[in-house]
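Examining the three-dimensional arrangement
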Amino acid sequence: VQLQASGGGLVQAGGSLRLSCTGSGRTFSNSVMGWFRQAPGKEREFVAGISWNGSNTIYEDSVKGRFTISRDNAKNTVYLQMNSLKPEDTAVYYCAADDSYRNLVRVHRYAYEVWGQGTLVTVSS
């Protein structure tokens, strides 16, 4: 059971990145998936989450209108499209799976049982 995140990198403010998270060795399609981020010296925080079929999405206030979470269950992959990036978006981004519910997207990190390794996003000013 593994989640592999990718797509991070260095981008200028105002730019875009798309993160991907692919699940292997598990049934991906029944899980709520979430993206979290952790900046240096800060707590890991919820960014976005999506229900098993994509019908329910939730975003942290500071990314609403700029980030979009989506999923392709046929590819066992969840995406985070990040537009209009700001320096304060700089962090390590983690994907995670919550197997407890299919439609309820929870925002607390302790709700998520399986975590990917993280991918670094750096936004320069």
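Details of the structure are given in the entry above.
A brief look at the structure comes next. (Residues numbered from 1 in each chain as written. Predicted model: local features only at pLDDT ≥ 70, side-chain atom pairs only at ≥ 80, totals over all residues. Heavy atoms only, no water.)

**Notes on the nonpolar core**
Selection rule: As used here, the term nonpolar core means buried Ala, Val, Leu, Ile, Met, Phe, Trp, Tyr and Cys residues forming a set that is joined through side-chain atoms within 4.5 Å. For every residue, the accessible area obtained with a 1.4 Å probe (protein chains only) is divided by the maximum for its type, and the residue is called buried under 20%, exposed over 50%, and partly exposed between those limits. For the purposes of this entry, the term helix denotes a DSSP run of H or I that reaches at least four residues, the term strand denotes a run of E that reaches at least two, and both are numbered from the N terminus. Whether two residues are in contact is decided by their heavy atoms: any pair within 4.5 Å suffices.
Formed by 28 residues in total, the largest nonpolar core has its most connected members in Trp35, Leu80, Met82 and Tyr93. Looking at this core, the elements with two or more residues in it are β1 (2-6), β3 (17-24), β4 (32-38), β5 (45-50), β7 (67-72), β8 (77-82), β9 (91-98) and β11 (119-124). When residues in this core are grouped by element, the largest group, four residues, is from β9. When residues no more than four places from it in sequence are discounted, the contact partners of Leu80 are Leu17, Arg18, Leu19, Trp35, Val47, Ala48, Phe67, Thr68, Ile69 and Tyr93. Judged by nonpolar contacts, the second largest core, of seven residues, contains Val32, Phe46, Ala96 and Val105.

**Details of the sheet that holds β7**
Going by this rule: Strands are labelled as partners when DSSP assigns at least two bridges between them. To obtain an axis, a line is fitted to C-alpha atoms, over the contacting stretch when the element is a helix, and the angle between two such axes runs from 0 to 180 degrees between their N-to-C directions.
Spatially, the four strands line up as an open sheet ordered β1-β3-β8-β7, and their pairing is antiparallel. Only two strands of the sheet have a single neighbouring strand rather than two, namely β1 and β7. When strand polarity is set aside, the average angle formed by the axes of neighbouring strands in this sheet is 15°. Taken together, the five bridges between β1 and β3 define a ladder with antiparallel strand orientation.

**Quick look at the state of the cysteines**
Rules: In this description, the term disulfide denotes a pair of cysteine sulfurs within 2.5 Å.
Evaluated as defined, the whole model comprises one disulfide. Through a disulfide, Cys21 is tied to Cys95; the S-S separation comes to 2.1 Å. As the torsion about the S-S bond is roughly 65°, the Cys21-Cys95 disulfide counts as right-handed. Placement of the pair is Cys21 in strand β3 and Cys95 in strand β9, with a sequence separation of 74 residues.

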